[in-house]
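Topology and contacts: notes
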Amino acid sequence: MAKTIDVVQLRERRKRRKRLFQLLILLAVVLLGALIYTSREKWFSKFQQISSSHSNLKAETDGEYMLTVSGGVDYHAEFVSHDLFVLCDKYIYIYDMNGELLDSRQHAYSNAIMKTNASRALTYSHNGTNFRVDQTKKMFYEETLEQPIWFAVLSEDGRVAVVTESETYACCLYVYDTNGKCIYTRNCLERLIDVSFQEDGCICATIGAENGEIVTVLKYIQFQDSDVKWTSDALPALCWRVHSLKDGGAFVIGDTETAYYSNTGNLLNTCLYSGTLIDCDFSNDKAAVLLKNESRRQSVLLLFSGNSENPVSVSFDSICKNVKIQDDTVYLLDAGVIKSYSFTGTELSSLEIKDAYDKILKNGKYFYLLGYDRIQRVNAG
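Throughout what follows, the structure given in this document is the object of discussion. As the structure is a computational prediction, the values presented were derived from the model and not from experiment.

A word on unusual backbone geometry. Positive phi outside glycine occurs at Asp 327, with the angle close to 55°. The backbone phi angle of Asp 328 is positive, close to 60°, even though this residue is not glycine. Take Asp 328: it is sitting in the loop between strand 27 (322–326) and strand 28 (329–334).

With that settled, consider the sheet that holds strand 14 (residues 182–188). Strand order in this open sheet of four strands is 11-12-13-14, and the pairing throughout is antiparallel. The sheet is open, and its two edges are formed by strand 11 (149–154) and strand 14, each paired on a single side. Recorded for the sheet is a direction-independent mean angle of 15° between the axes of neighbouring strands. Bridge count between strand 12 (residues 160–164) and strand 13 (residues 171–176): five bridges; the pairing is antiparallel. When the sheet's bridge partners are listed, Ala 161 is paired in strand 13 with Val 175.

What the four strands build is an open sheet, ordered 7-8-9-10; its pairing is antiparallel. Two strands lie at the open edges of the sheet, namely strand 7 (112–116) and strand 10 (139–144), each paired on one side alone. When strand polarity is set aside, the average angle formed by the axes of neighbouring strands in this sheet is 15°.

Looking now at the environment of Gln 298. Structurally, Gln 298 is set in strand 25 (residues 298–305). Here the alpha-carbon distance between Gln 298 and Cys 320, two residues 22 residues apart in the chain, equals 8.2 Å. Not counting residues up to four positions away in its chain, the partners in contact with Gln 298 are Leu 291, Lys 292, Asn 293, Phe 316, Asp 317, Ser 318 and Ile 319. A polar atom in the side chain of Gln 298 sits 3.4 Å from the side chain of Asp 317.

Grouped together as the largest cluster of nonpolar side chains are 31 residues, with contacts concentrated most on Phe 131, Val 160, Val 162, Leu 173, Leu 192 and Val 195. Counting residues in hydrophobic clusters, the runner-up holds 18 residues, among them Val 69, Val 86, Leu 361 and Tyr 366.

Next up on the list: the side chain of Ser 299. Relative to the helices and strands, Ser 299 resides in strand 25. Within polar-contact distance, the side chain of Ser 299 engages the backbone oxygen of Ser 318 at 2.6 Å. In terms of polar contacts, Ser 299 uses its side chain to reach the backbone amide nitrogen of Cys 320, at 2.9 Å. If we skip the residues at most four places from it in the chain, Ser 299 touches Leu 290, Leu 291, Lys 292, Val 314, Ser 315, Phe 316, Ser 318, Ile 319 and Cys 320.

Among the five residues that make up strand 12, five are buried, leaving the element largely enclosed by the rest of the structure. Burial along strand 12 is two-sided: Val 160, Val 162 and Thr 164 facing one way and Ala 161 and Val 163 facing the other are all buried. Two strands pair when backbone bridges link them, and strand 11 and strand 12 are joined in this way by five bridges, in the antiparallel orientation. Bridge pairing in strand 12 places Phe 151 opposite Val 163. Here strand 11 folds back onto strand 12 in antiparallel fashion, the turn holding five residues, of which Gly 158 has a positive phi close to 105°. Hairpin geometry of strand 12 and strand 13 is characterised by an intervening segment of six residues between the two adjacent antiparallel strands.

Per the counting criterion, the structure on display carries 14 aromatic pairs. The interplanar angle of 20° and the centroid separation of 5.8 Å between the aromatic rings of Tyr 91 and Tyr 93 together place this pair among those described as stacked. On the basis of relative accessibility, which here comes to 3%, the residue Tyr 91 falls in the buried class. With centroids separated by 6.1 Å and ring planes inclined at 85°, the aromatic side chains of Phe 131 and Tyr 141 adopt a geometry described as edge-to-face. Residue Phe 131 is located in strand 9 (residues 130–134), and its partner Tyr 141 is located in strand 10; the two are separated by 10 residues in the primary sequence. Like Tyr 141, Phe 131 is buried. An aromatic cluster of three or more residues is present, and its members are Phe 131, Phe 140, Tyr 141 and Tyr 176.

Take the pattern of salt bridges next. Considering all chains together, one arrives at 13 salt bridges under this definition. For Asp 328, the salt bridge identified is with Lys 286, shortest N-O distance 3.8 Å. You can see Asp 328 sitting in the loop between strand 27 and strand 28 and its partner Lys 286 sitting in strand 24 (residues 286–293), a full 42 residues away along the chain. Residues Glu 294 and Arg 297 are paired through a salt bridge, measuring 2.8 Å at the closest nitrogen-oxygen approach. Look at Glu 294 and you get partly exposed, because its relative accessible area is 41%. Taking relative accessible area as the criterion, Arg 297 reaches 47% and is therefore assigned partly exposed. Taken together, the shared-partner salt bridges connect Asp 103, Arg 105, Arg 132 and Asp 134 into one network.

Definitions and cut-offs
- Residues numbered from 1 in each chain as written.
- Predicted model: local features only at pLDDT ≥ 70, side-chain atom pairs only at ≥ 80, totals over all residues.
- Heavy atoms only, no water.
- Helix = DSSP H or I, 4+ residues; strand = E, 2+ residues; numbered from the N terminus.
- Pairing = 2+ DSSP bridges.
- Axes fitted to C-alpha atoms, helices over the stretch in contact; angles between N-to-C directions.
- Contact = heavy atoms within 4.5 Å.
- Polar contact = N/O pair within 3.5 Å; in protein donor to acceptor, adjacent residues only side chain to side chain.
- Core = buried A, V, L, I, M, F, W, Y, C linked by side-chain atoms within 4.5 Å.
- Buried < 20%, exposed > 50% of the residue type's maximum accessible area, 1.4 Å probe, protein only.
- Phe/Tyr/Trp six-rings, centres within 6.5 Å; stacked < 30°, edge-to-face > 60°.
- Salt bridge = Lys/Arg side-chain N within 4 Å of Asp/Glu carboxyl O.

Function cannot be read off these values alone, since they describe shape.
See below:
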């Protein structure tokens, strides 16, 4: 007998197969999307590396090149050893001296700030609760605190000081050793504004008010003791930076004046400014302070060597932007030129540059010029 074929049943069977096939395709797409999402940090990091590498416009002429910063504008750049660490809004990019991208590390810090020394980079979230310490090859450690971070400091030997808010005190100080272990905590009655490490303790700059004006007072603490070793005389200025000196004293760069303190906290001498503080740098017990007089369109560079009451002063008929100290030489970014000086005020060299830049770094025989969203390497001459 001839086989009877139910056309309607056959048609329904085909429709079910088609629906099943479509469902399997949909499930595969969903699973693929989930897989991509869960592994997004790995592949996006690689994409960032490729994208950033292709955005670097290199002109291998006498070692000069231009580096375009991904996620720039508010980036921050410093050298760790001979590698350039660039902190952007979501990533830390690490480049070698030739502009090759070595690594990109994602961070989730809002208002991220970076401090560096010769071998490490400290990154913390201002008003957040996280900080981390990175080396060129890896992230060394990361910590989460209970209260928002006001600021953090990295010492030359790798110790870290973190100052946070406190529910019952003015603030709280945490100190970490070179291995990332918390070795000291202190609940502070005064608000800390900066910290500078010494061999067995640190000098804390606190701010307060006397007779209706802001003052800075230094306090020296040792980590094996809870008592304050000495408290300095008050300085009628807002501290920008406090730096420990080799003799145990301190040098304060304030908003209106500088001050030297002895190793017992006695105020030795001060230097009042004749302009507005723009920038400053400190290295090996020497300091460079850059001032401006906006109405006269002039700048003044003050050079401090030891406990001199009268720093060397160098004047310019322009508004300078940035000052750096390296190897006992002062480098100044002027309008269209980089000038170098000894601490006697003698001009050593001058290098003309094109375009406008905001900051300079120096590594080896090269200057690194930091602009809006780019970094240019040029020969120092």
